[in-house]
Amino acid sequence: MKNQRLHKVFQGAMILSLSSLIAKILGAVYRVPFQNLVGDEGFYVYQQVYPIYGIGMTIALTGLPVFISKLIAEQTDDINRRRVAQQILVLITPVSWLVMIALWVFSAPIASMMGDQSLAPIIQSVSIMFLFIPITAVSRGYQQGRYIMTTTSISQLVEQIVRVVVVIIVAIVAAKLSWNAYKMGTWAMSAAAIAGLSASLVLWPTFKAILADHVTGIKWHELKIIGRRLFFEGGLICLFASLIVLLQLVDSFTVKQALVSFGETPQAAKVLKGVFDRGQPLIQLGMVVATSVSATLLPSLTTSYLEKREVEFRRIYRSLMHLCTTLACLATAGLMVLMPQIDTLLFQNSRGSVALAINMLSIILISLITTYSSVLQSINQFRSTVMALLAGILVKVLVNFYLVANLGIVGASLGTVISLSVTLIIIWIKMPEELHLVTNGKSFGIKLLLIVILMAGIVALAVAGSEMIFGTSRGAMILNVFFPVIIGVVTSMVSIVKLKLFTVKEILVFPGGRKILNLLTRSQNMED
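Here the structure is a predicted model, which means the values were calculated and not measured.

Some remarks on the overall build of the protein
In terms of regular secondary structure, the protein is built from 23 helices and zero strands. Considering only intrachain contacts with a sequence separation of at least 6, the fraction spanning at least 24 residues in the protein is 82%. Carbon and sulfur atoms make up 70% of the accessible area of the protein, which totals about 23,700 Å².

So, in structure tokens, the structure goes:
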């Protein structure tokens, strides 16, 4: 019985992880054709308000459902599960609707603080999505707490697909009818509410089941206890999941106005902010590469800690950190070297390539922050994570305007990198000493540095040769990016094997590790 339940949990987790991965890729990729259709100014308008949507989406998709599922899983029967779900609904519905009303009523002052009063109707448009958060968040959390992940996965994919389709249709219509950027932005942001409604319809049977019969016995002292946990535990999960979006929100309030202080005209500042925002989908895709594989090791890490298997915990932790660091470093180095070509291929020109290349350092920092924070949470150390995240956001708020006002959009990239570095340093300091000792070997760091330098150098030579052969037109950039990427991947893989970056024990912990080890053994036998 226990094995069946564990199998059900892991199967559900895999389904949810797969749907989340697809949703993340969709959420990154659609912004490329969108920018091509609406231009840098249109992209600026969309991205200025996007962080508000991003925060709402994070709360409804991951933050609250994860916390709610934890509360539901603690209950012993369906009556208590429904009662807890109803209590949470009582708590979050007025808050969510108050946020919606506040965004609508105060849209003009918020837009003014962003330095562009024309953004007000776009803020109003995105605010409507908060109407549906109570339905989507509670329904998803309720099903996840009962280890039924399919409903959440389907709703997640439906929500993302509907939103992407609506946004792209709006961009096409706006280009055909020559709408101004703000009209386009208002209609594009309405996709958030339409997608929320679509997800609510998918989740409606679950929501009806929660409210099927009013469970008696809801008491104020119970609401107070759940409310406190919702604020502290749920708030932490939402804060952690929203880190990148919160940093983008700081950019929305500072970058455009700081660029005007830098000497740019308001129109030029809008375009430059749009250029800077090109980096967001690339960072998102880089993080998918860096964290999607290593994330599969986190459940095993938590289980080994709870069951007090210390040797296994340290081995999995070491493998997790080494794998995450390797993938993040290689993805970052590759994107930085190829940035002018990727910029031209995806966004029509290479404007802002230096700023975007610097911003790619965020991939390493965010990936390590995500992994370290997950480890701290798996051993129930939440306070350290909160302190680190808040410190990073505060640093971004304090330095961003000054850096942009003096360095342009390069300053915005540096502001993000500095703030994430502060967060990472604090988290690293707060890690238990015994875990520092586990990953303290210098040989891994030296080998990885050599591999990254070698890969970056060979990719730089490959792209230079490719441009000499195929030219530098946008069409030629397909080949100028594709061939160096293949060469970079092959170089990295060969170097990792030759330098024995990972130990045998580490490889065995990786997903599909035994197959990888058998493949490496066969290749070495053939060489011998």
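Next comes the rest of the account.
Some words on the nonpolar core
Phe34, Ile52 and Leu119 are the most contacted members of the largest nonpolar core, which totals 120 residues. Among the elements that line this core, the one with the most residues is helix H2 (residues 31–73), at 19 residues. Once you skip the residues sitting within four places of it in the chain, Leu119 turns out to touch Tyr44, Val45, Gln48, Val49, Ala111, Met114 and Tyr182. Counting 11 residues, the second largest nonpolar core, distinct from the first, contains Leu272, Phe276, Ala355 and Ala412.

Comments concerning unusual backbone geometry
If you check the backbone angles, Ser178 has positive phi at about 55° while not being a glycine. Relative to the assigned elements, Ser178 resides in the loop between helix H7 (150–177) and helix H8 (181–210).

What about helix H3 (residues 78–105)?
Between its first and last C-alpha, H3 extends 40 Å over 28 residues, near the 40 Å set by a 1.5 Å rise per residue. When the local axis directions of H3 are compared, the greatest deviation, roughly 30°, occurs at Ile92, which is followed within four positions by the proline Pro94. Structurally, the start of H3 carries an N-cap: the backbone nitrogen of Ile79 is 3.2 Å from a side-chain oxygen of Asp77.

Focus: the packing of aromatic side chains
Within this structure, the stated rule accounts for 10 aromatic pairs. Plain terms: the ring middles of Tyr46 and Tyr50 are 6.0 Å apart, the flat faces sit at 40° to each other, and that makes the pair tilted. With a gap of four residues between them, Tyr46 and Tyr50 both fall in helix H2, about one helical turn apart. By relative accessible area, which is 5% here, Tyr50 ends up buried.

Looking at the confidence of the model for the protein
Across the protein, the average pLDDT comes to 85, with 87% of residues at 70 or higher. The element-level mean pLDDT for the protein is lowest in helix H23 (residues 513–527), coming to 63, with helix H5 (residues 120–127) highest at 96.

Description of H2
Here H2 is 43 residues long, yet its end C-alpha atoms lie only 37 Å apart, well below the 63 Å a rise of 1.5 Å per residue gives. Along H2, the sharpest change in direction is near 115° and occurs at Gly39. Across the 43 residues that make up H2, a large majority, 33, are buried.

Topic: the side chain of Ser252
Position of Ser252 among the secondary structure elements: in helix H10 (residues 243–261). In this structure, Ser252 is in contact with Gln47, Gln48, Pro51, Met114 and Lys273, ignoring residues within four places of it in sequence.

Here's the deal with the pattern of salt bridges
Inspection of every chain in the model, using the stated rule, returns seven salt bridges. The salt bridge partner of Arg278 is Asp40, with a shortest N-O separation of 3.0 Å. On the criterion of sequence distance, the pair formed by Arg278 in the loop between helix H11 (266–276) and helix H12 (279–291) and Asp40 in helix H2 is long-range, its members being 238 residues apart. Residues Arg278 and Asp40 agree in their burial class; the two are buried. Residue Arg81 pairs with Asp78 through a salt bridge whose shortest N-O separation is 2.8 Å. Placement of both Arg81 and Asp78 in helix H3 is noted, with a separation of three residues, approximately one turn of the helix. Asp78 gets classed as partly exposed once you look at its relative accessible area, which sits at 37%. Taken together, the shared-partner salt bridges in this structure form one network comprising Asp40, Arg278 and Asp343.

Some words on the packing of helix H20 (residues 442–470) against helix H21 (residues 477–498)
At a minimum axis separation of 8 Å, H20 and H21 run at an interaxial angle of 155°. One finds that H20 runs roughly antiparallel with respect to H21. In this structure, H20 meets H21 at a crossing whose hand is right-handed. Across the interface between the two elements, Ile451, Leu454, Met455, Ile458, Val459, Ala462, Val463, Ser466, Glu467 and Phe470 of H20 pack against Met477, Leu479, Asn480, Phe483, Pro484, Ile487, Gly488, Thr491, Ser492, Ser495 and Ile496 of H21. For the contact of H20 with H21, a count of residues per class yields 14 nonpolar, six polar and one charged.

What to know about the packing of helix H17 (residues 383–407) against helix H18 (residues 409–430)
Interhelical geometry of H17 versus H18 gives an angle of 160° and a closest axis separation of 7 Å. Comparing the axis directions of H17 and H18 gives the class roughly antiparallel. Considering only the axes of H17 and H18, their crossing is right-handed. A per-class count over the contact of H17 with H18 returns 17 nonpolar, eight polar and two charged.

A few points about the environment of Leu501
Structurally, the position occupied by Leu501 is in the loop between H21 and helix H22 (504–509). Linking Leu501 and Ile451, residues 50 residues apart in sequence, is a C-alpha distance of 9.1 Å. The contacts of Leu501, once residues within four sequence positions are left out, are Thr326, Phe444, Lys447, Leu448, Ile451, Ile496 and Glu506.

With respect to the state of the cysteines
Evaluated as defined, the whole model comprises zero disulfides. No disulfide involves Cys329; its sulfur sits 8.8 Å from that of Cys324, the nearest cysteine. A relative accessible area of 16% places Cys329 in the buried class.

Let's talk about a nonpolar patch on the surface
A surface patch of nonpolar side chains, about 1,100 Å² in accessible area, is lined by Met468, Ile469, Phe470, Ile478, Leu479, Phe482, Phe483, Ile486, Ile487, Val490 and Val494. At eight residues, H21 tops the list of elements feeding residues into the nonpolar patch. By relative accessible area, which is 52% here, Ile478 ends up exposed.

Overview of the environment of Val99
In this fold, Val99 is placed in helix H3. Residue Val99 is classed as partly exposed on the basis of its relative accessible area of 31%. As for Val99 and Gly56, which are separated by 43 residues in sequence, their C-alpha atoms are 10.0 Å apart.

The rules we used
Residues numbered from 1 in each chain as written. Predicted model: local features only at pLDDT ≥ 70, side-chain atom pairs only at ≥ 80, totals over all residues. Heavy atoms only, no water. Helix = DSSP H or I, 4+ residues; strand = E, 2+ residues; numbered from the N terminus. Contact = heavy atoms within 4.5 Å. Areas by Shrake-Rupley, 256 points an atom, 1.4 Å probe, with all protein chains shown as cover. Core = buried A, V, L, I, M, F, W, Y, C linked by side-chain atoms within 4.5 Å. Buried < 20%, exposed > 50% of the residue type's maximum accessible area, 1.4 Å probe, protein only. Expected span 1.5 Å × (residues − 1). Bend = angle between axes of the 7 residues up to and from the residue. Polar contact = N/O pair within 3.5 Å; in protein donor to acceptor, adjacent residues only side chain to side chain. Phe/Tyr/Trp six-rings, centres within 6.5 Å; stacked < 30°, edge-to-face > 60°. pLDDT = per-residue confidence, 0-100. Salt bridge = Lys/Arg side-chain N within 4 Å of Asp/Glu carboxyl O. Axes fitted to C-alpha atoms, helices over the stretch in contact; angles between N-to-C directions. Parallel < 35°, antiparallel > 145°, perpendicular 65-115°, else oblique. Left-handed = near helix turned anticlockwise from the far one by under 90°. Nonpolar A, V, L, I, M, F, W, Y, C, P; charged D, E, K, R; others polar. Disulfide = S-S within 2.5 Å. Patch = residues over 30% accessible without salt bridge, like charges linked within 9 Å, V, L, I, M, F, W, Y side chains within 5 Å.

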